[in-house]
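A structural walkthrough
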Amino acid sequence: MIKLLSVALVAGLVFESNQQILKPNLVKPLPTKLPCVYLTHIQCWTNWFDRDDPSGTGDWETLYNLRIENPGKICPEPIQIEATTLSGVSVAAAGDVIFQNDASSGFICRNQDQTLKKQCNDYRVRFSCHPPFCGGACWTKWYDRDSPTGTGDWELLSNLKAENPGQICDNPIYIEAVTTDTMTPAISTGENFYAYNPTVGFVCRMEDQISGQCLNYKVRFGCQCP
Ligand SMILES: [Ca+2]
Ligand SMILES: [Ca+2]
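Rules used in this analysis
- Residues numbered from 1 in each chain as written.
- Chains lettered and ligands numbered in written order.
- Predicted model: local features only at pLDDT ≥ 70, side-chain atom pairs only at ≥ 80, totals over all residues.
- Heavy atoms only, no water.
- Helix = DSSP H or I, 4+ residues; strand = E, 2+ residues; numbered from the N terminus.
- Contact = heavy atoms within 4.5 Å.
- Areas by Shrake-Rupley, 256 points an atom, 1.4 Å probe, with all protein chains shown as cover.
- Salt bridge = Lys/Arg side-chain N within 4 Å of Asp/Glu carboxyl O.
- Buried < 20%, exposed > 50% of the residue type's maximum accessible area, 1.4 Å probe, protein only.
- Disulfide = S-S within 2.5 Å.
- Donors = N, O, S within 2.8 Å, 3.2 Å for Na, K, Ca; no water.
- Pairing = 2+ DSSP bridges.
- Axes fitted to C-alpha atoms, helices over the stretch in contact; angles between N-to-C directions.
- Phe/Tyr/Trp six-rings, centres within 6.5 Å; stacked < 30°, edge-to-face > 60°.

Some points on the overall build of the protein
- Scanning the protein for helices and strands turns up four helices and 13 strands.
- Contacts in the protein between residues at least 24 apart in sequence constitute 71% of all its contacts with a sequence separation of at least 6.
- Total accessible area computed for the protein in this model is approximately 12100 Å², and 54% of it derives from carbon and sulfur atoms.

A closer look at the pattern of salt bridges
- Applying the stated criterion across every chain yields a total of eight salt bridges.
- Measuring nitrogen to oxygen at the nearest pair gives 3.6 Å for the salt bridge that ties R205 to E207.
- Taking the relative accessible area as the measure of exposure, R205 reaches 18% and is therefore buried.
- Residue classification places E207 among the exposed positions, given a relative accessible area of 63%.
- Counted as one network, the salt bridges with shared partners bring together R205, E207 and D208.

Examining the state of the cysteines
- With the rule as written, the count across this model stands at six disulfides.
- Here C36 is linked by a disulfide to C138, with a sulfur-sulfur distance of 1.6 Å. Placement of C36 in the loop between helix 1 (2-11) and strand 1 (37-38) and of C138 in strand 8 (residues 137-139) is noted, with a sequence separation of 102 residues between them.
- When its relative accessible area of 2% is taken as the criterion, C138 is described as buried.
- Disulfide pairing places C75 opposite C129 at an S-S distance of 2.0 Å. When the S-S torsion is -80°, as for the bridge of C75 with C129, the disulfide is left-handed. One end of the pair, C75, is in the loop between helix 2 (63-69) and strand 4 (80-85); the other, C129, is in strand 7 (residues 123-129), with 54 residues separating them in the sequence.

Looking at the coordination of the calcium ion (ligand 1)
- Taken together, D50 (OD), D52 (O), D59 (OD), D59 (OD), E61 (OE), D122 (OD) and Y123 (O) make up the protein donors of the calcium ion (ligand 1), found 2.2 to 2.7 Å from the metal.
- Expressed as a motif, the donor residue spacing for the calcium ion (ligand 1) is D-x1-D-x6-D-x1-E-x60-D-Y. With D52 in the loop between strand 2 (44-45) and strand 3 (58-62) and Y123 in strand 7, this residue pair connects regions lying 71 residues apart in the sequence.
- Here Y123 falls in the buried class, since its relative accessible area comes to 0%.

Thoughts on the sheet that holds strand 11 (residues 195-197)
- Ordered in space as 9-12-11, the three strands form an open sheet in which the pairing is antiparallel. Sheet topology places strand 9 (152-156) and strand 11 at the edges, where each strand pairs with a single neighbour. Going from strand to strand, the sheet's axes swing by 15° on average, the running direction of each strand aside.
- Sheet topology places strand 11 next to strand 12 (residues 201-205); three bridges connect them, and they run antiparallel. Bridging across to strand 12, A195 finds its partner in V203.

Re the packing of aromatic side chains
- For the structure on display, the rule yields eight aromatic pairs.
- Taking 4.8 Å as the distance between ring centres and 50° as the angle between the ring planes, the aromatic pair formed by F202 and Y217 counts as tilted. Remark: Y217 occurs in strand 13 (residues 217-224) and F202 occurs in strand 12; sequence separation between them is 15 residues. Each member of the pair, F202 as well as Y217, carries the same accessibility label: buried.
- Pairwise contacts between aromatic rings join F193, Y196, F202 and Y217 into one cluster.

Now the structure itself:
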């Protein structure tokens, strides 16, 4: 669920002029040498893992063993761990004494630590991760090539690519535009945009505004992670 929410959060920044969200699966892979920033506020959960049961000394869901048994399925540096019983009951509600429960080493419930019964519950664990493990986008730096002094603020992808060779992927999947002074999202300024999509870029024309003026915007592009 969190993975879906995270993707929706990023995709929500992307609007064609007709407000349709672009599909990221139409994009070619990025050359690996392009500069890239991963947005660290994006997080996703791995699958649930249940490698052990409490019949021996306890329920050992250690990160070390999980990595060996599930190669590539857990990111190098998990941020959080979540453990529940196999039926979904939280650790706190299950009431067992837990020996270890952290994102750097995993989860252990030892039978010897339980006072009121002989065995731990059977637990499953999952870990939260950042991009690029989550998929999601790899972001360029911010660009502000124009100011709204002529006909408007023109931050076209074609111009930005020509002026910044090798910095922007061939087919960006997301675009984000904010004002240069207060970082206000473009969609919150109330101005009308002639273009605002990751294929064309961003344009605010004076003639489309009631005030006859545009704010100054900067843009960045989200590319498929290498
Ligand atoms: Ca288990
Ligand atoms: Ca600008």
